[in-house]
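# Remarks on the overall topology
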Amino acid sequence: MTVRLRAHHLLCMLTYVGKGYSPAFVENYEAIAARLSAGEEIEMVAGPDDICGPLTADADAHCHGESVVERDRAATEAVARLLGSPLRPGARITPGASLLARLRKTFATGEIRTACSGCEWSDLCDGVADGGYTGARVAP
């Protein structure tokens, strides 16, 4: 099995600590975080992904919005630059300890955070990164 993720969720997974938009969203994300922690492969997708699942029934959900598409574009560019290879829909990534460490290091320095500009969760993510990712649910 694979976890289907949109590009900006590669960043969100780094600081996810059990908070979210609704209890259903958090329950779903907890299950996905456990799968990622177990090393389940990630398949990159364009648009709503497995994390968005509980929100997609609402046609007005932000996961369909242009600002989120822009967030994905910025995350795609930043992560692809870090990895040194294109990051396209269908690409597969294994979230191993080495990759997570690299992503977290560059997230903490701000190097790959252009996609986070204007995000309502940014302050929470700042605190998690500044705290050494203590409590982050996706573990290497």
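Scope of this entry: the structure provided in the associated data block.

Reading the values: rules and limits
Going along each chain's sequence as written, the residues are numbered from 1 onward. pLDDT decides what is reported in this predicted model: residues at 70 or higher carry local features, side-chain atom pairs at 80 or more are listed and counted, and totals for whole chains, interfaces and linings draw on all residues regardless. By convention in this description, side-chain values take in all heavy atoms of the structure and omit both hydrogens and water. Centres within 6.5 Å are what make two rings of Phe, Tyr or Trp a pair, Trp counting through its six-membered ring; a difference in plane orientation under 30 degrees is then read as stacked, over 60 as edge-to-face, and the rest as tilted. Helix numbering and strand numbering both begin at the N terminus, where a helix is a DSSP run of H or I of at least 4 residues and a strand a DSSP run of E of at least 2. Throughout this description, buried means an accessible area under 20% of the type-specific maximum (1.4 Å probe, protein chains only), exposed means over 50%, and partly exposed covers the range between. Any two strands with at least two DSSP bridges between them are considered paired. Contact criterion: two residues are considered in contact whenever any of their non-hydrogen atoms come within 4.5 Å of each other. Note on definitions: angles span 0 to 180 degrees between N-to-C directions of axes, and those axes are lines fitted to C-alpha atoms, for helices only across the stretch in contact. Nonpolar cores were defined as sets of buried Ala, Val, Leu, Ile, Met, Phe, Trp, Tyr and Cys residues, with membership established by side-chain atoms within 4.5 Å. Here a cavity denotes a set of grid points, spaced 1 Å apart and computed over the protein atoms alone, in which a 1.4 Å probe fits but from which it cannot get out, and a pocket denotes an open set meeting protein on both sides within 12 Å along at least five of seven lines; residues with an atom within 4 Å of a point are reported as lining. Grid points are joined across faces, edges and corners, and a volume is the space filled by probe spheres set on the points. Within this document, salt bridges are pairs made up of a side-chain nitrogen of Lys or Arg and a carboxyl oxygen of Asp or Glu, the two lying within 4 Å of each other.

To continue, consider the packing of aromatic side chains. Here the structure, examined in full by the defined rule, presents four aromatic pairs. Seen in terms of ring centroids, Tyr 16 and Tyr 29 are 3.7 Å apart; in terms of plane orientation they differ by 5 degrees. Their pairing is stacked. One end of the pair, Tyr 16, is in the loop between α1 (7–15) and α2 (23–37); the other, Tyr 29, is in helix α2, with 13 residues separating them in the sequence. When the centroid spacing of 5.1 Å and the interplanar angle of 80 degrees are considered together, the rings of Tyr 21 and Phe 25 count as edge-to-face. Residue classification places Tyr 21 among the partly exposed positions, given a relative accessible area of 33%. The exposure class of Phe 25 is buried, given its relative accessible area of 5%. Members of the aromatic cluster, joined through ring pairs, are Tyr 16, Tyr 21, Phe 25, Tyr 29 and Trp 121.

Attention now goes to unusual backbone geometry. Of note in the backbone geometry, Tyr 133 takes a positive phi value of approximately 65 degrees without being a glycine. Take Tyr 133: it is sitting in the segment after α5 (122–130). Taking the relative accessible area as the measure of exposure, Tyr 133 reaches 13% and is therefore buried.

So, on to the pairing of strand β1 (residues 2–5). Across the two faces of β1 the burial differs, with Val 3 and Leu 5 buried and Thr 2 and Arg 4 not buried at all. Pairing between β1 and strand β2 (residues 41–44): four bridges, direction parallel. Bridging from a neighbouring strand, Val 3 pairs with Ile 42 of β2.

This part is about the sheet that holds β1. Read from one edge of the open sheet, three strands run β1-β2-β3, paired in mixed fashion. Each edge of the open sheet is held by one strand with a lone partner, namely β1 and β3 (92–93). Examined bridge by bridge, β2 and β3 share two bridges and lie antiparallel to one another. Considered in β3, the bridge of Ile 42 is made with Ile 93. On the sheet, α2 packs against β1 and β2 and is oriented at approximately 120 degrees with respect to β1.

A separate point is the nonpolar core. If you look at the biggest cluster of nonpolar residues, it comprises 43 residues, and the most contacted ones within it are Leu 10, Met 13 and Phe 107. Looking at this core, the elements that each hand over two or more residues are β1, α1, α2, β2, α3 (66–83), α4 (97–108) and α5. For Met 13, the contacting residues outside a window of four places in its chain are Leu 5, Tyr 29, Leu 36, Ile 42, Leu 100, Leu 103, Arg 104 and Val 138.

Turning next to the layout of surface pockets. For the largest pocket, the calculated volume is near 470 Å³. Lining the largest pocket are 31 residues, with His 8, Cys 12, Tyr 21, Cys 119 and Trp 121 sitting closest to its centre. Elements with a contribution of two residues or more to the lining of the largest pocket: α1, α2, α3 and α5. Element by element, the count of residues in the lining of the largest pocket is highest for α1, at five residues.

Oppositely charged side chains are able to pair whenever their charged atoms sit close together. One pass over the structure, following the stated rule, counts nine salt bridges. Two residues, Asp 72 and Arg 6, come together in a salt bridge whose shortest N-O distance is 2.6 Å. Residue Asp 72 is found in helix α3, and its partner Arg 6 is found in the loop between β1 and α1; the two are separated by 66 residues along the sequence. Classification of Arg 6 by relative accessible area gives buried; the value is 1%. For Glu 40, the salt bridge goes to Arg 35, with nearest N and O atoms at 2.6 Å. Members of the salt-bridge network, linked through shared partners, are Glu 41, Glu 43 and Arg 92.

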